[in-house]
Amino acid sequence: MRAHLALGKSLAGILFAGMAAASCTTAQQPAPKVANQAAKPRNAAQTAQLAKVTFNYTAKDRDCLKRAMYCESEHSDRDGYMAVGTVVMNRLTSGAYPDSICGVVAQERQFAPGVMTREVEPMAEIELTDAADAILRGERHPGVKDAMFFHTDGLKFSYRNMHYVAIAGGNAFYEKRGRDGELQTPAPLPSYEVAMNYLPGQSLMPAQFAALVPTTVPVPIPMPGSGATLGTEAAVPTPTETAVPITTEAVVPVAIPTPRPAFNDAVLRGSLAHG
């Protein structure tokens with residue numbers, strides 16, 4: 001009887017020890033993680049919205065853009081206007097050229113001679129203005145791509161880095177690429193990463209370029225008083241009249257332009273920058 005009791009106690013002890021060991025060595029399984037919706041990668045539209053780079057422009061910049069589009073496209077059509085306008089914007093957003101539209105267009109030995117002073121025919125004004133405004137809203141010529149150079153169609157050159165992408169408005173547009181296919185110039189920003197900010201009454205042009213752009217606003221000239229005639233003295237107001245000074249200067253609102261990062265800045269190019 002005692003032997004049976006001892007055997008039972010031994011078996012019970014062994015069983016209890018085994019259960020205790022199993023409870024200590026079994027790792028608790030973690031609960032499955034719930035995917036965090038906020039951690040999901042953003043889609044292209046969301047990324048583009050956050051990555052926009054702002055460029056300021058004025059009425060004179062808009063006029064410079066129209067002049068380049070008109071003079072360089074042989075007064076052709078909207079397709080030619082858009083192609084040249086795309087080149088202007090590619091240069092502006094690449095960081096390798098002046099940081100204003102007029103600065104790009106007026107840069108020495110880049111665009112056609114007289115581009116800043118040549119008269120624009122009134123007949124072309126409607127279509128030209130429509131094309132320029134489309135460029136400023138972000139529209140681009142789809143065939144021009146990253147091209148920042150063009151020449152008259154039909155000319156031939158022996159340079160091996162001229163990668164042609166489009167023909168429009170009597171011009172052949174090309175990118176400069178090496179043998180490895182990589183751009184040899186800083187890549188321009190895609191249009192969805194660019195925001196154009198209009199500054200009324202401001203000029204972003206360097207002083208040496210500003211004098212080249214004809215103004216469309218006449219300088220106000222004070223009108224003579226009702227009692228003044230050519231060759232005679234102006235009438236002196238009576239004590240009951242009040243002389244009102246004539247102001248010839250317009251009040252211009254002051255706007256602070258947004259600085260643009262350098263072309264090798266991570267915000268400007270990110271992974272799209274080429275050496």
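These remarks concern the structure in this document. Just so it is clear, the model here is predicted, and its values are computed rather than measured.

Per the counting criterion, the structure on display carries 5 aromatic pairs. Centroid distance Phe 149 to Tyr 174: 5.7 Å. Interplanar angle 20°. Geometry classified as stacked. One end of the pair, Phe 149, is in strand 2 (residues 149-152); the other, Tyr 174, is in strand 4 (residues 171-176), and 25 residues separate them in sequence. Summarising the burial analysis for this pair, Phe 149 and Tyr 174 share the class buried. On the basis of an interplanar angle of 55° and a centroid distance of 5.6 Å, the ring pair of Tyr 164 and Tyr 174 is categorised as tilted.

For the rest of this paragraph, the subject is the pattern of salt bridges. Throughout the structure, instances matching the rule amount to 6 salt bridges. The salt bridge involving Arg 67 is made with Asp 63; its shortest N-O contact spans 3.1 Å. With Arg 67 and Asp 63 both in helix 3 (residues 59-72) and 4 residues apart, this pair spans about one turn of that helix. Taking the relative accessible area as the measure of exposure, Asp 63 reaches 23% and is therefore partly exposed. Ionic pairing is found between Glu 175 and Arg 177, a salt bridge with its closest N-O pair at 2.6 Å. When its relative accessible area of 3% is taken as the criterion, Glu 175 is described as buried. In the salt-bridge network here, residues are joined through shared partners; they are Arg 78, Asp 130 and Glu 139.

Another point: helix 3. With 14 residues, helix 3 should reach 20 Å at 1.5 Å per residue; the first-to-last C-alpha distance of 20 Å fits that figure. Residues of helix 3 that are buried include every one of Asp 61, Cys 64, Leu 65, Lys 66, Arg 67, Ala 68, Met 69, Tyr 70, Cys 71 and Glu 72, and no others. The inward-facing, buried residues of helix 3 abut strand 1 (53-57), helix 4 (78-94), helix 5 (101-105), helix 6 (125-137), strand 2 and strand 4. By the N-cap criterion, in which a side-chain oxygen at the helix start approaches the backbone nitrogen of a residue two or three places on, helix 3 is capped by Thr 58, the distance to Lys 60 being 3.3 Å. At the exit of helix 3 stands Glu 74, carrying a positive phi of roughly 55°.

On to the nonpolar core. Counting 45 residues, the largest nonpolar core has Leu 65, Met 69, Val 88, Ile 101, Val 105, Phe 173 and Met 196 as the members making the most contacts within it. For this core, the element with the highest residue contribution is helix 4, accounting for 8 residues. Each residue touching Val 105, except ones within four places of it in the same chain, is listed here: Cys 64, Ala 68, Val 88, Phe 111, Val 115 and Met 116.

Conventions we followed
- Residues numbered from 1 in each chain as written.
- Predicted model: local features only at pLDDT ≥ 70, side-chain atom pairs only at ≥ 80, totals over all residues.
- Heavy atoms only, no water.
- Phe/Tyr/Trp six-rings, centres within 6.5 Å; stacked < 30°, edge-to-face > 60°.
- Helix = DSSP H or I, 4+ residues; strand = E, 2+ residues; numbered from the N terminus.
- Buried < 20%, exposed > 50% of the residue type's maximum accessible area, 1.4 Å probe, protein only.
- Salt bridge = Lys/Arg side-chain N within 4 Å of Asp/Glu carboxyl O.
- Expected span 1.5 Å × (residues − 1).
- Contact = heavy atoms within 4.5 Å.
- Polar contact = N/O pair within 3.5 Å; in protein donor to acceptor, adjacent residues only side chain to side chain.
- Core = buried A, V, L, I, M, F, W, Y, C linked by side-chain atoms within 4.5 Å.

None of this, on its own, says anything about what the molecule does.
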